[in-house]
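So the chains spell out like this:
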Amino acid sequence: MPNQNNAVKPTYERSKVILDIKHLTKQFKVDDGRLLTACNDISLRAYEGKTLGIIGESGCGKSTLVRTLLQIQPATSGEAIFEGHDLLKDRGEESRQDRRKIQMVFQDPTAAFNPKMLVKDILTEPLKNFGLIKNSEVDAKAAELLEMVELPASFKDRYPHSMSGGQRQRLGIARALSLEPKIIVCDEATSALDVSVQEKVCELLCRLQKEKNITYLFIAHDLGLVDLMCHQVAVMYLGNVVEWLEHGRIAESCKHPYTKALMKAVFKVDFRPGEKIEPMEGEIPSPLDLPPGCPFASRCEHCSENCLKNKPALKEIEQGHWVACHLF
Ligand SMILES: Nc1ncnc2c1ncn2[C@@H]1O[C@H](COP(=O)(O)OP(=O)(O)OP(=O)(O)O)[C@@H](O)[C@H]1O
Ligand SMILES: [Mg+2]
């Protein structure tokens, strides 16, 4: 498990820990009464003003992890320490204040907007909910937020359907910024955008991070983008964190056989001669029936008897680099 007090002293500078996730497990009871384990004993840290990328195949539990942190659904067990208290056990007013400090930007912002509301009302709704704005201040605040995300202030009197996908995503970011959050969760926030618009939105996110010292939890399928955007990267497989890199590029430094396979399975525009996509073989076990050993054993070319029987713990193999694999 990642341990801040680990004896291995990092040679790079760590920022202050803003979110310390400890042994978070989330299980869902499905229709036939069985338990589906979407997140299995996850321990991770996010640092102030930095971006923690979370990658892994569809269904590995990325969204469940962040939805649980945001208390959209209750955790089964574990802790998430934020500003000295456990986010997962918050109640009442404390939870409300946490929601103010941890905001989310969705993949499809349109679905989160009321189509009958003007942009200025969409942008200032969170402030109204917290009683932080008077009606007379709405226009000026909306203009300020639009400017922050490089949209014309005149958009405040429009409806979201009259904006492009990229502009709507900026609107989603502006709305998330309205409450001056400490953490913004971006769950596939740029995935639906075309590449050039995605690049601009990512540049905007990076600029805002530097200006406001925001921490991002950044979920994306585009591994190249994650490598560029993120200061730390966690790799999830079947509800488990199998690799966690606190610094450096995951593409260059990854060690876990799953991460390596994931890297080979992605499309690149600059394939070298002879290089090609290598799709991963083998079946992913069901989250309804987790294997006793390594979750990746059924698809791993290095699988041994030990891997089938014993689950490897996440351990620090180099400074700031944790891997859950019996090879290390
Ligand atoms: N409310 C729920 N009830 C039952 N099972 C759920 C629920 N939400 C998620 N799951 C299951 O939990 C597992 C993890 O789902 P999750 O949405 O977190 O994956 P993900 O990594 O975000 O995938 P994607 O990349 O496709 O968005 C999946 O097996 C999913 O079917
Ligand atoms: Mg998801």
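This text follows the structure it describes.
Residues numbered from 1 in each chain as written. Chains lettered and ligands numbered in written order. Predicted model: local features only at pLDDT ≥ 70, side-chain atom pairs only at ≥ 80, totals over all residues. Heavy atoms only, no water.

Trainee: Which residues make up the side chain of R168, and what values do they have?
Mentor: Mapped onto the fold, R168 is located in helix α6 (residues 165-177). A relative accessible area of 17% places R168 in the buried class. Apart from the residues lying within four places of it in its own chain, the contact partners of R168 are P109, T110, F113, P160, H161 and M163. (Helix = DSSP H or I, 4+ residues; strand = E, 2+ residues; numbered from the N terminus. Buried < 20%, exposed > 50% of the residue type's maximum accessible area, 1.4 Å probe, protein only. Contact = heavy atoms within 4.5 Å.)

Trainee: Residues and numbers for the site of ligand 1, please.
Mentor: Close to ligand 1 lie 13 residues; S58, G59, K62, S63 and T64 are nearest. In this structure, an oxygen atom belonging to ligand 1 sits 2.7 Å away from a side-chain N or O atom of K62. Residue H221 places a side-chain N or O atom 3.1 Å away from an oxygen atom belonging to ligand 1. Elements that contribute at least two residues to the shell around ligand 1 include exactly β2 (35-47) and α1 (62-69). At three residues, the largest contribution of residues to the shell around ligand 1 is made by α1. Residues belonging to the shell around ligand 1 are distributed by class as follows: five nonpolar, six polar and two charged. (Near = heavy atom within 4 Å. Polar contact = N/O pair within 3.5 Å; in protein donor to acceptor, adjacent residues only side chain to side chain. Nonpolar A, V, L, I, M, F, W, Y, C, P; charged D, E, K, R; others polar.)

Trainee: Describe the nonpolar core, and please don't skip the residues or the numbers.
Mentor: L123, I173, L177, I184, L205, F218 and Y258 are the most contacted members of the largest nonpolar core, which has 56 residues in total. Beyond its immediate chain neighbours, meaning those up to four positions away, I173 contacts V105, V149, V201, L204, L205 and L208. Core analysis: the second largest hydrophobic core is formed by 33 residues, I18, C39, A80 and W244 among them. (Core = buried A, V, L, I, M, F, W, Y, C linked by side-chain atoms within 4.5 Å.)

Trainee: Which residues make up the pairing of strand β3 (residues 51-55), and what values do they have?
Mentor: Burial analysis of β3 places five of its five residues in the buried class, which makes it a mostly covered element. By the alternation rule, side chains of β3 split into T51, G53 and I55 and L52 and I54, which are all buried. In this sheet, strand β8 (residues 215-219) lies alongside β3 in parallel orientation, the contact comprising four bridges. Of the residues in β8, the one forming a bridge with G53 is F218. (Pairing = 2+ DSSP bridges.)

Trainee: Outline the sheet that holds strand β1 (residues 17-29), supporting the account with residue identities and numerical values.
Mentor: Ordered in space as β2-β1-β4-β5, the four strands form an open sheet in which the pairing is antiparallel. Every other strand in the sheet has two partners, leaving β2 and β5 (85-86) as the edge strands with one partner each. Note that β1 and β2 share nine bridges and pair antiparallel. Among the inter-strand pairings, I21 is bridged to a residue of β2, identified as L44. Along the sheet, α1 makes contact with β1, β2 and β4 (77-82), crossing β1 at roughly 110°. (Axes fitted to C-alpha atoms, helices over the stretch in contact; angles between N-to-C directions.)

Trainee: Can you break down the pairing of strand β9 (residues 232-237) residue by residue, with the values?
Mentor: Where burial is concerned, most of β9 is hidden: six out of the six residues are buried. Every second residue of β9 is oriented toward a common face, with Q232, A234 and M236 on one face and V233, V235 and Y237 on the other, all of them buried. Of the strand pairs in this sheet, β3 and β9 are connected by four bridges, and their pairing is parallel. The partner of G53 across the bridge, within β9, is V233. In this sheet, strand β10 (residues 240-245) lies alongside β9 in antiparallel orientation, the contact comprising five bridges. Bridge pairing in β10 places V235 opposite E243. Linkage of β9 to β10, two consecutive antiparallel strands, is achieved through a turn of two residues, within which L238 is found at a positive phi near 50°.

Trainee: Tell me what's going on with the sheet that holds β9, and back it up with residues and numbers.
Mentor: Here we have eight strands laid out as an open sheet, ordered β6-β7-β8-β3-β9-β10-β12-β11, and mixed in their pairing. Across the chains shown, the open sheet's two edge strands, defined by having one partner strand only, are β6 (102-105) and β11 (315-318). Along the sheet, successive strands turn relative to each other by an average axial angle of 25°, direction set aside. In the packing of α1 onto the sheet, the strands contacted are β3, β6, β7 (183-187), β8 and β9, and the crossing angle to β8 comes to about 150°. Across the sheet, α6 is in contact with β6 and β7; its angle to β6 comes to roughly 175°.

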